[in-house]
Amino acid sequence: MGATILVADDDRAIRTVLTQALARLGHEVRSAGNAATLWRWVSEGQGDLVITDVVMPDENGLDLIPRIKRTRPDLRIIVMSAQNTLLTAVKAAERGAFDYLPKPFDLKELVAMVQKALSSPRPPVEPVPLPPVEAEEETLPLIGRSPAMQEIYRVLARLMGTDLTVMVTGESGTGKELVARALHDYGKRREGPFVAINMAAIPRELIESELFGHEKGAFTGATMRSTGRFEQAQGGTLFLDEIGDMPLEAQTRLLRVLQEGEYTTVGGRTPIKTDVRIVAATHRDLRTLIRQGLFREDLFYRLNVVPIRIPPLRERTEDIQALVRHFFHLATHQGLPLKSMDNAAMERMKRHRWPGNVRELENMVRRLAALYAQEVIGLDVIEQELAEAAPASQPAEEPVNEGLGAAVERHLKEYFAAHKDGVPAAGLYDRVLREVERPLLSLSLLATKGNQIKAAHLLGLNRNTLRKKIRELDIQVVRGLK
Ligand SMILES: Nc1ncnc2c1ncn2[C@@H]1O[C@H](COP(=O)(O)OP(=O)(O)OP(=O)(O)O)[C@@H](O)[C@H]1O
């Protein structure tokens, strides 16, 4: 049976399109060009569903939502908006809108949303109201209104009232940490701590104690009990950055925490209950790491409950202008004069590949603000800056046709160099061999489709030795894998 749908939008074309599409589905549609008419219908008790625009001549649609919810708590509201920032999406969600649709939208998507709004059961209690977001437009946490970013805002807004685990993927500098922060700052744990830990920045052998803490004497050098990040993040959010770099032993431990909701410190026995929301991020392809036996598949599924992919900047060049304006504006907080960019310069910016993504752009705009006298930056300056920045901003390329020995040597040199006085922690021989053994065994197993007899033959190893190593290195064997 058809429902009555109330539509408010000051754009006649949108009203017509919606009316036709929804009427085709057998619904009755009443449409208005302003908020007052919509409000009159709602207060008269009409309609089974509301679809409203945000900016209307007489009132902001978002301001209408709480009033509608007070008089007709059951009435579902879909908000459409061309004012597509994270705050619009968040405000719509926290005021109780059923869903949020950035304009321009796909009719099919709208129709699906309407069907869902009309058919999904009403929750017995309304979602916990969140404290209102006070932030003003100038302090938006995330800049950019490209369709890709709007989709991200929509997902973020839906996640605000939840504790779901989120996995953010994207190239370096795309804003993964910023997304994690937004999830925390606008979510229900905003009063709690936000604790970040970068797996790539911590020596592998210390990660477990960093995460879970350790007892006095748990290992050489543990002279005092220390709290881990899980404990520090209690009641808040734990951001696990570069999760792809987490050693397998720590992965196993993390998986157990996620499954059981409690952990023990390194060297400790008493289980400690956790109450943290996990947001993980990586710029690496975890599925490839899984295939190589370097990332646990079961952990991946635990973490990947809600995946959010941030596209590289070169795939959303529409955002560049707003980002440039934003970073020029930020520079004024440091006492620098406000600058702008002419059209030719902006077009050139949009053609750049931005391998370092938003971080690269941010650094460049800062330099422009600080180093150049002219108020309006022109093409010549941009050409010069891009030419100078290019070699440094390219990610270090691996030499082509490098032999295995040379590659290992290069990695080891970097490893030694990364330590104070060029001396890494003791136990290096075994650690390095394990690093080499793991991909060797994984790839052999992959090549033999998980057949251990064939893999042992391929490697020239005794079958039992192979089995033992698979266990020791915690390599996952998937039979029949391609
Ligand atoms: N949409 C955005 N709006 C405003 N600033 C942004 C946006 N995206 C990224 N930035 C800025 O770019 C810089 C890099 O962002 P961030 O550290 O979140 O990236 P990341 O993906 O976590 O990087 P990495 O993988 O290297 O850790 C930060 O200074 C951040 O404030």
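Reading guide: rules and limits
Residues numbered from 1 in each chain as written. Predicted model: local features only at pLDDT ≥ 70, side-chain atom pairs only at ≥ 80, totals over all residues. Helix = DSSP H or I, 4+ residues; strand = E, 2+ residues; numbered from the N terminus. Buried ≥ 20, exposed ≤ 12 C-beta atoms within 10 Å, placed from the backbone. Contact = placed C-beta atoms within 7 Å. UniProt positions renumbered as here; feature names shortened; annotations may be inferred. Core = buried A, V, L, I, M, F, W, Y, C linked by C-beta atoms within 7 Å. Domains from an automatic or database assignment. Pairing = 2+ DSSP bridges. Axes fitted to C-alpha atoms, helices over the stretch in contact; angles between N-to-C directions. Near = placed C-beta within 6 Å. Nonpolar A, V, L, I, M, F, W, Y, C, P; charged D, E, K, R; others polar. Parallel < 35°, antiparallel > 145°, perpendicular 65-115°, else oblique.

## Focus on the overall build of the protein chain
Move 1: Scanning the protein chain from N- to C-terminus turns up 20 helices and 14 strands.
Move 2: With 482 residues in all, the protein chain has 32% of them scored as buried.
Move 3: For the protein chain, the proportion of contacts with a sequence separation of at least 24, taken over those separated by at least 6, is 72%.

## Observations concerning the UniProt feature "modified residue: 4-aspartylphosphate" (unreviewed entry) in the protein chain
Move 1: Here, UniProt's "modified residue: 4-aspartylphosphate" (unreviewed entry) annotation points to Asp53.
Move 2: Here Asp53 shows up in strand β3 (residues 49-53).
Move 3: You can call Asp53 buried: it has 25 C-beta atoms within 10 Å.
Move 4: Among all residues touching Asp53, those that are not within four sequence positions of it are Ala8, Asp9, Asp10, Gly61, Met80 and Ser81.

## Points about the environment of Lys449
Move 1: In this fold, Lys449 is placed in the loop between α18 (428-447) and α19 (452-459).
Move 2: Judged by the 13 C-beta atoms lying within 10 Å of it, Lys449 falls in the partly exposed class.
Move 3: Put simply, Lys449 and Val478 are 29 residues apart on the chain and 7.5 Å apart in space, counted from C-alpha to C-alpha.

## Some remarks on the nonpolar core
Move 1: Counting residues in hydrophobic clusters, the biggest one holds 82 residues, and the most contacted among them are Ile78, Val79 and Leu156.
Move 2: In terms of domain composition, this core takes at least three residues from each of domain 1 (4-139) and domain 2 (162-309).
Move 3: Each residue touching Ile78, except ones within four places of it in the same chain, is listed here: Ile51, Ala97, Phe98, Asp99, Leu101, Met113 and Ala117.
Move 4: Counting residues in each nonpolar core, the second largest holds 17 residues, with Ile320, Met349, Val358 and Val365 among its members.

## Side note on helix α4 (residues 86-94)
Move 1: Counted residue by residue, α4 has nine buried out of nine residues, so it is predominantly covered.
Move 2: Contacts made by the buried residues of α4 are with α3 (61-71), β4 (76-81), β5 (99-102), α6 (147-159) and α7 (176-185).
Move 3: Of the residues flanking the end of α4, it is Gly96, one or two places downstream, whose phi is positive at about 105 degrees.

## Points about the sheet that holds strand β7 (residues 194-198)
Move 1: Spatially, the five strands line up as an open sheet ordered β7-β8-β11-β6-β12, and their pairing is parallel. Each edge of the open sheet carries a strand with a single partner, namely β7 and β12 (306-309). Adjacent strand axes in the sheet meet at a mean angle of 20 degrees when their direction is disregarded.
Move 2: For β7 and strand β8 (residues 237-241), the ladder comprises five bridges, and the chain directions are parallel. Residue pairing in the sheet places Val195 in a bridge with Leu238 of β8.

## Digging into the site of the ligand
Move 1: Around the ligand there are 16 residues in total, and Ile143, Gly175, Lys176, Glu177 and Val358 lie nearest to it.
Move 2: Mapped onto the shell around the ligand, the elements with two or more residues apiece are α7 and α15 (357-371).
Move 3: Split into classes, the residues belonging to the shell around the ligand amount to four nonpolar, seven polar and five charged.
Move 4: For the shell around the ligand, the domains that each give at least three residues are domain 2 (162-309) and domain 3 (317-393).

## Quick notes on the sheet that holds β5
Across a sheet, paired strands are connected by hydrogen bonds in the backbone, their directions being either parallel or antiparallel.
Move 1: Taken in spatial order, the five strands make up an open sheet running β2-β1-β3-β4-β5, and their pairing is parallel. Since the sheet does not close on itself, it has two edges, and those belong to β2 (28-32) and β5, each with one partner. Here the average twist between neighbouring strands, direction ignored, is 20 degrees.
Move 2: The sheet contact formed by strand β1 (residues 4-8) and β2 spans five bridges and is parallel. By the bridge assignment for β2, Leu6 is matched with Arg30.

## Some remarks on unusual backbone geometry
Move 1: The omega torsion across Lys103 and Pro104 is -5 degrees, close enough to zero to call that bond cis.
Move 2: Mapped onto the secondary structure, Pro104 falls in the loop between β5 and α5 (107-119).
Move 3: In this structure, Glu242 takes a positive phi of about 50 degrees despite not being glycine.
Move 4: Tracing the chain through its elements places Glu242 in the loop between β8 and α10 (248-260).
Move 5: On the neighbour-count criterion, Glu242 (19 C-beta atoms within 10 Å) is partly exposed.
Move 6: In this structure, Lys449 takes a positive phi of about 50 degrees despite not being glycine.

## Section: the packing of helix α2 (residues 35-43) against α3
Move 1: Between α2 and α3, whose axes approach to 11 Å, the crossing angle comes to 10 degrees. In terms of orientation, α2 lies roughly parallel with respect to α3. Together, Ala35, Leu38, Trp39, Val42 and Ser43 of α2 and Gly61, Leu64, Ile68 and Thr71 of α3 make up the contact between the two elements.
Move 2: Its residues assigned to classes, the contact of α2 with α3 comprises six nonpolar, three polar and no charged.

## Observations concerning the environment of Val279
Move 1: Summarising the element assignment, Val279 is placed in strand β11 (residues 277-282).
Move 2: The class for Val279 is buried, based on 30 C-beta atoms found within 10 Å.

## As for the packing of α19 against helix α20 (residues 463-472)
Move 1: Orientation of α19 relative to α20, taken along the N-to-C sense of each, is 105 degrees, at an axis distance of 9 Å. Between α19 and α20, the crossing angle belongs to the class labelled roughly perpendicular. Contacts between α19 and α20 pair Gln452, Ile453, Ala455, Ala456 and Leu459 from the former with Arg463, Leu466 and Arg467 from the latter.
Move 2: Among the residues making up the contact of α19 with α20, the classes are represented as five nonpolar, one polar and two charged.

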